[in-house]
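Working through the structure, step by step
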Amino acid sequence: MSEQVLPPTQPKPAQLTYGEYLRVPALIGLQTPQSPHHDELLFIIIHQTYELWFKQLLHELDAVIACLQNRNAPNANEDVYEAARLLRRCTEIMRVLVEQFTILETMLPTHFLAFREHLHPASGFQSEQFRELEFLCGLKDEKMLRYHDAVPELRAQLERRLREPSLRDVFFAALPTLSEIMNEDEAMEFQRRAEAIRALYRDERAFAHGRAWLDVCERLTEFDELLVSWRLRHIQMIERTIGVRMGTGGSSGASYLKLTLEKKVFPELWEARTMLSA
Ligand code: HEM
């Protein structure tokens, strides 16, 4: 007998609906173009989508930090696996964020210029969540706070991220190989950390939960890689859209952003690769 195919049931009054659960009317009411230009809606929606994913990344990375801080708990082993699993989700989100620029690149430079003045002096540079992500990862720069003076709650949130342990801090505090490598000289701390990572890659079975740690290292390396890819794609898109013009945020534009390409969250993970031998 063939299986009966059922259509969805009709929602009853007062039952939770898709739109209510996801707050769809509020969500699709959040776009307020400043001009009548067709492409401004895309420009707004792309930015809002990035902000939603930034929110999700902050949520996931907070959970990764909690896992790594939990290393002395009885289920520490599971926590390292869980950290690796959640980091994989973060790298998949980052991949989408890198890809998304292509949608905005369907906008002709002339079409952007037609409404660009309407958003002046707002700029992605003022994205509080992007800066929060950098701070959470460990790329802390107190000088960035002043750009958020206008909104005290957001500035306070960034100050909190500056004070709290970063992903970098908790990763190195928990890394099992680090405590085995002694070096009193503070100037040699970078080398000691790179050495600890090298030790893990060289012999993952010699350390507690070594393979799970290796997985965490691989995901963090990938995250670092994808952050640079995001920065590079953003710059390429800018050059394609506004050339070498100044940014609406007042910087020199693409040339200013190129300085950020050197930023790495975990330079030790990269250094270890140079140190490794077969
Ligand atoms: C046509 C599209 C875009 C142009 C022309 C553009 C241009 C710029 C420029 C020139 C800057 C440097 C600061 C300034 O002077 O304004 C900047 C920074 C930034 N933009 Fe964009 N942008 C675009 C799209 C986006 C999108 C879709 C996002 C997604 C959230 C974004 C996020 C950012 C962030 C986070 C920064 C700060 C980066 C940092 O400090 O390292 N931008 N953008």
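Residues numbered from 1 in each chain as written. Predicted model: local features only at pLDDT ≥ 70, side-chain atom pairs only at ≥ 80, totals over all residues. Heavy atoms only, no water.

This part covers the coordination of the iron atom of the ligand. If you check the protein contacts of the iron atom of the ligand, you find one donor only, His234 (NE2), at 2.2 Å. Position of His234 among the secondary structure elements: in helix H11 (residues 210-242). (Donors = N, O, S within 2.8 Å, 3.2 Å for Na, K, Ca; no water. Helix = DSSP H or I, 4+ residues; strand = E, 2+ residues; numbered from the N terminus.)

On to the packing of aromatic side chains. Aromatic ring pairs are described here by two measures, namely the spacing of the ring centres and the angle between the planes. All told, the structure shown has 15 aromatic pairs when counted by the stated rule. Pairing Tyr50 with Trp230 gives two aromatic rings, centres 6.3 Å apart and planes at 80 degrees, and the pair type is edge-to-face. One end of the pair, Tyr50, is in helix H3 (residues 40-69); the other, Trp230, is in helix H11, and 180 residues separate them in sequence. For the pair Tyr50 and Trp230, a shared accessibility class is recorded, and that class is buried. Taking 5.5 Å as the distance between ring centres and 50 degrees as the angle between the ring planes, the aromatic pair formed by Phe101 and Trp230 counts as tilted. Of this pair, Phe101 sits in helix H5 (residues 101-104) while Trp230 sits in helix H11; the two residues are 129 residues apart in sequence, bridging distant segments of the chain. Per residue, the accessibility class of Phe101 equals that of Trp230, and both read buried. (Phe/Tyr/Trp six-rings, centres within 6.5 Å; stacked < 30°, edge-to-face > 60°. Buried < 20%, exposed > 50% of the residue type's maximum accessible area, 1.4 Å probe, protein only.)

With that out of the way, let us pick up the site of the ligand. Taken together, 27 residues are adjacent to the ligand, and Ser123, Arg131, His234, Gly249 and Ser251 come closest. Contacts to the ligand include Gly250, whose backbone N or O atom sits 3.5 Å from an oxygen atom. Secondary structure elements with two or more residues in the shell around the ligand: H3, helix H7 (128-137) and H11. The leading source of residues in the shell around the ligand is H11, at six residues. Among the residues forming the shell around the ligand, the class breakdown is 13 nonpolar, 12 polar and two charged. (Near = heavy atom within 4 Å. Polar contact = N/O pair within 3.5 Å; in protein donor to acceptor, adjacent residues only side chain to side chain. Nonpolar A, V, L, I, M, F, W, Y, C, P; charged D, E, K, R; others polar.)

Take the packing of helix H4 (residues 76-99) against H11 next. Geometrically, a packed helix pair is captured by the angle between its two axes and the distance between the axes. Here H4 crosses H11 at 15 degrees, and the two axes come no closer than 9 Å. The angle between the axes of H4 and H11 places the two elements in the roughly parallel class. In terms of crossing hand, the pair formed by H4 and H11 is left-handed. Per-class residue counts for the contact of H4 with H11 are 17 nonpolar, two polar and six charged. (Axes fitted to C-alpha atoms, helices over the stretch in contact; angles between N-to-C directions. Parallel < 35°, antiparallel > 145°, perpendicular 65-115°, else oblique. Left-handed = near helix turned anticlockwise from the far one by under 90°.)

Glancing now at helix H9 (residues 167-174). With six of eight residues buried, H9 lies mostly within the body of the structure. Regarding H9, the residues found buried are Leu167, Arg168, Val170, Phe171, Phe172 and Ala174. On its buried face, H9 sits against H3, H7, helix H10 (189-202), H11 and helix H13 (267-275). (Contact = heavy atoms within 4.5 Å.)

Attention now moves to a nonpolar patch on the surface. On the surface, Leu16, Tyr18, Tyr21 and Leu22 cluster together to form a nonpolar patch covering roughly 530 Å² of accessible area. Here Leu16 lies in the segment before helix H1 (18-22). (Patch = residues over 30% accessible without salt bridge, like charges linked within 9 Å, V, L, I, M, F, W, Y side chains within 5 Å. Areas by Shrake-Rupley, 256 points an atom, 1.4 Å probe, with all protein chains shown as cover. Salt bridge = Lys/Arg side-chain N within 4 Å of Asp/Glu carboxyl O.)

Counting 66 residues, the largest nonpolar core has Leu61, Phe171, Leu175, Trp213, Val216 and Trp230 as its most contacted members. The greatest single-element share of this core, amounting to 14 residues, is contributed by H11. Judged by nonpolar contacts, the second largest core, of five residues, contains Phe125, Phe135, Met144 and Leu158. (Core = buried A, V, L, I, M, F, W, Y, C linked by side-chain atoms within 4.5 Å.)

Let us look at the environment of Ser179. Mapped onto the elements of the fold, Ser179 is located in the loop between H9 and H10. For Ser179, a relative accessible area of 52% corresponds to the exposed category.

Here the bond from His120 into Pro121 is cis, since omega is 0 degrees, no more than 30 degrees from zero. Among the secondary structure elements, Pro121 is positioned in the loop between helix H6 (109-119) and H7. Positive phi, normally seen in glycine, also occurs at Ala14, with a value near 75 degrees. Along the polypeptide, Ala14 turns up in the segment before H1. With a phi angle near 55 degrees, Arg23 is a residue other than glycine that sits in the positive phi range. Within the fold, Arg23 resides in the loop between H1 and helix H2 (24-27).

Structurally, Ala84 is set in helix H4. With a relative accessible area of 5%, Ala84 lands in the buried category. Measuring from C-alpha to C-alpha, the distance between Ala84 and Ser252 comes to 38 Å, with 168 residues separating the pair along the chain. For Ala84, the contacting residues outside a window of four places in its chain are Ala212, Asp215, Val216 and Arg219.

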